[in-house]
Amino acid sequence: MADCPGLLHLAQMADGGLARLRVPGGLLSAAQARAVADAAEALGSGLVDLTNRANLQIRGLSRDAGGDLAEQLSAAAFAFHGEADRRRNILLDPFSGLDPREARDLRPLAQALDEALIGAAWIGRLSPKFCFVLDGGGESGVAATPSDVTLLATGQGIVVSAAGLASLALSEEDALSAALAVAACAADVGPDARATGIPETAMRAALGSERGPAGAAGAAAAPLRPRHGAMFPSGGAVAISIPAPVGRLDAGMLRFLADVAETEGRGRMILAPWSAVVLPRVRPERAARVLAASEAAGFVPVAVADRLSVVACSGAPACERAREPARALGAALLALAAAEPGRLPEGRRRVHLSACPKGCAGSAPADLLLLGASERSGWTVHAGGAPRRPGPALDRLESAGPAAVLAQLAD
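Residues numbered from 1 in each chain as written. Predicted model: local features only at pLDDT ≥ 70, side-chain atom pairs only at ≥ 80, totals over all residues. Heavy atoms only, no water.

A residue-level look at the protein finds 96% of positions with pLDDT of 70 or above and a mean pLDDT of 93. For the stretch residues 210-221, pLDDT sits under 50, and the model shows 20 contacts to residues farther than four places along the chain or on other chains. (pLDDT = per-residue confidence, 0-100. Contact = heavy atoms within 4.5 Å.)

Those residues of helix α8 (residues 284-296) not exposed but buried are Ala287, Val290, Leu291 and Ser294. Down the axis of α8, the smallest arc covering the buried residues is 100°, so these residues share one side. Those residues of α8 that are exposed and aimed more than 90 degrees away from the buried face are Glu285, Ala288, Arg289 and Ala296. On the buried face of α8, the contacting elements are β11 (229-234), β12 (237-243), α7 (251-264), β15 (276-282) and α9 (302-305). Immediately downstream of α8, the backbone of Gly298 shows phi near 110°, a positive value. (Buried < 20%, exposed > 50% of the residue type's maximum accessible area, 1.4 Å probe, protein only. Helix = DSSP H or I, 4+ residues; strand = E, 2+ residues; numbered from the N terminus. Arc of directions from axis to C-beta.)

Regular strands show a simple pattern: their side chains alternate between the two faces of the sheet. A large share of strand β9 (residues 158-162) lies buried, amounting to 5 of its 5 residues. Neither face of β9 is open: one carries Ile158, Val160 and Ala162, the other Val159 and Ser161, and all of them are buried. Looking at chain direction, strand β8 (residues 149-153) and β9 are connected through 4 bridges and run antiparallel. Its bridge partner lying in β9, Ala153 is registered against Ile158. As consecutive antiparallel partners, β8 and β9 are separated by 4 residues, and within that stretch Gly157 has a phi angle of approximately 155°, a positive value. Both β9 and strand β10 (residues 165-169) contribute to a ladder of 5 bridges, which runs antiparallel. Residue pairing across strands places Ala162 opposite Leu165, the latter belonging to β10. Taken together, β9 and the strand that follows it, β10, pair antiparallel across an intervening segment of 2 residues, in which Ala163 is found at a positive phi of about 50°. (Pairing = 2+ DSSP bridges.)

Two cysteines form a disulfide when their sulfur atoms are joined by a covalent bond. What the rule picks out here adds up to 0 disulfides. In this structure Cys4 is a free cysteine whose sulfur lies 9.8 Å from that of Cys131, the closest cysteine sulfur available. Note on Cys360: no disulfide assigned, nearest cysteine sulfur contributed by Cys356 at a separation of 5.9 Å. (Disulfide = S-S within 2.5 Å.)

A few words now on unusual backbone geometry. Of note, the amide linkage connecting Ala316 to Pro317 takes the cis form, showing an omega dihedral of 0°. Relative to the helices and strands, Pro317 resides in the loop between β16 (308-312) and α10 (326-339). The backbone phi angle of Val246 is positive, close to 40°, even though this residue is not glycine. For Val246, the location among the structural elements is in the loop between β12 and β13 (248-250). Here Ser275, not a glycine, exhibits a phi torsion of approximately 60°, which is positive. Within the fold, Ser275 resides in the loop between β14 (268-272) and β15.

Turning to the packing of α7 against α8, a few remarks are in order. It is at 11 Å that the axes of α7 and α8 come closest, and there the two elements cross at 170°. Considered as vectors, α7 and α8 are oriented roughly antiparallel to each other. Of α8, the residues touching α7 (which contributes Phe256, Val260 and Glu264) are Arg286, Val290, Ala293 and Ser294. Of the residues contributing to the contact of α7 with α8, the split by class is 4 nonpolar, 1 polar and 2 charged. (Axes fitted to C-alpha atoms, helices over the stretch in contact; angles between N-to-C directions. Parallel < 35°, antiparallel > 145°, perpendicular 65-115°, else oblique. Nonpolar A, V, L, I, M, F, W, Y, C, P; charged D, E, K, R; others polar.)

We now examine the packing of aromatic side chains. Summed over all chains, the structure comprises 4 aromatic pairs. Aromatic pair Phe95 and Trp274: ring centres 5.7 Å apart, planes at 45°, arrangement tilted. Of the two residues, Phe95 sits in the loop between β6 (90-92) and α3 (107-119) while Trp274 sits in the loop between β14 and β15, which places them 179 residues apart along the sequence. Plain terms: the ring middles of Phe256 and Phe299 are 5.9 Å apart, the flat faces sit at 40° to each other, and that makes the pair tilted. Taken together, the residues Phe256 in helix α7 and Phe299 in the loop between α8 and α9 connect sequence positions 43 residues apart. (Phe/Tyr/Trp six-rings, centres within 6.5 Å; stacked < 30°, edge-to-face > 60°.)

Time to look at the sheet that holds β12. Read from one edge of the open sheet, 5 strands run β3-β14-β15-β12-β11, paired in antiparallel fashion. The open sheet has two edge strands, β3 (27-29) and β11, and neither has a second partner. Neighbour-to-neighbour, the strand axes of the sheet open up by a mean angle of 25°, direction not taken into account. Where β12 and β15 come together, 5 bridges link them in antiparallel fashion. Within the sheet, the bridge partner assigned to Ser241 lies in β15 and is Val278. Contacting β3 and β14, helix α1 (residues 30-43) crosses the sheet at an angle of about 85° to β3. Helix-sheet contacts for α7 involve β12, β14 and β15, and the interaxial angle to β15 is about 15°.

Written as structure tokens, this is what we have:
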């Protein structure tokens, strides 16, 4: 079976045990964020990753820390559900219910899906990698995130797509039934099966349609559109998206978010799949002050995040495969860009630092890819490539500092 971590099932990394905390829908209370910070500090290294599926990973744990970790987090209203713990992989648009352009607020559907997965008799046979994406049809385009089942709201209903096939559900109940039917088919195929491994006849029956690819499903292939800063003014409040440096939080940053959520964001925050945390209801006159305080707490300035997106795997020394410190280099890259804005590219650019070809930080192409290797130090430089499809190497860097990487963007 695919080995994906959970709370009780830790992955052993070079920097210790790693626990993945599923946050279906991305919603955290301030108390929960503070509890994660406390647990990370008491039981681990104090470092927490914000993943590209809007979950949290606690790093540096001892091999047998899972039980203590679950006990400590349960006291903060985190719920764990046996076999379902590692299989509640539900990514919801973090702006659901906030974006006025969305066709439908899919938060109730995300909650219903989570509850159904917890109660499904087949959940223990589903691959821990099997995942769902729910997109209300707003600006962020999270339907572009690779998934097994995508639910995209349109003006006509909810398009449910999987493995290149799609059907249109006219109600949330029908969409939920189709999504669960696809997952059940995958569980029946085998414990490592993904949607692409389901026979086509079974997939068509699960989706409830004999149609092939739907036109609306093609629209889901638009790129993900990360948003940062203050947006969506409504009812005397705005949403604020605070960018985190290469998806890395420490205990102090989590406590900052908890404090600000309690004082400014109605006690809630939402994890975003582009290394950001959203505070949903902040008074407009307080937005600039909150963002300035976030920079002082270690978050990325919005002006930098809007022009420079940096994706990085953990790299050395956290990963045994890695020779190069990908995440540390990514953080240094953003820090230099913040300190010297003149080094920023003219338009928005995306940099991917992958310490090996596995591509743990993502599979999408980047404007600039620096690719490491397990068998030797250094990076190869690629334009428009992805870790598993890098294309020709344009250059080789035996070592790379942040200035050298920004210079590559300017070339």
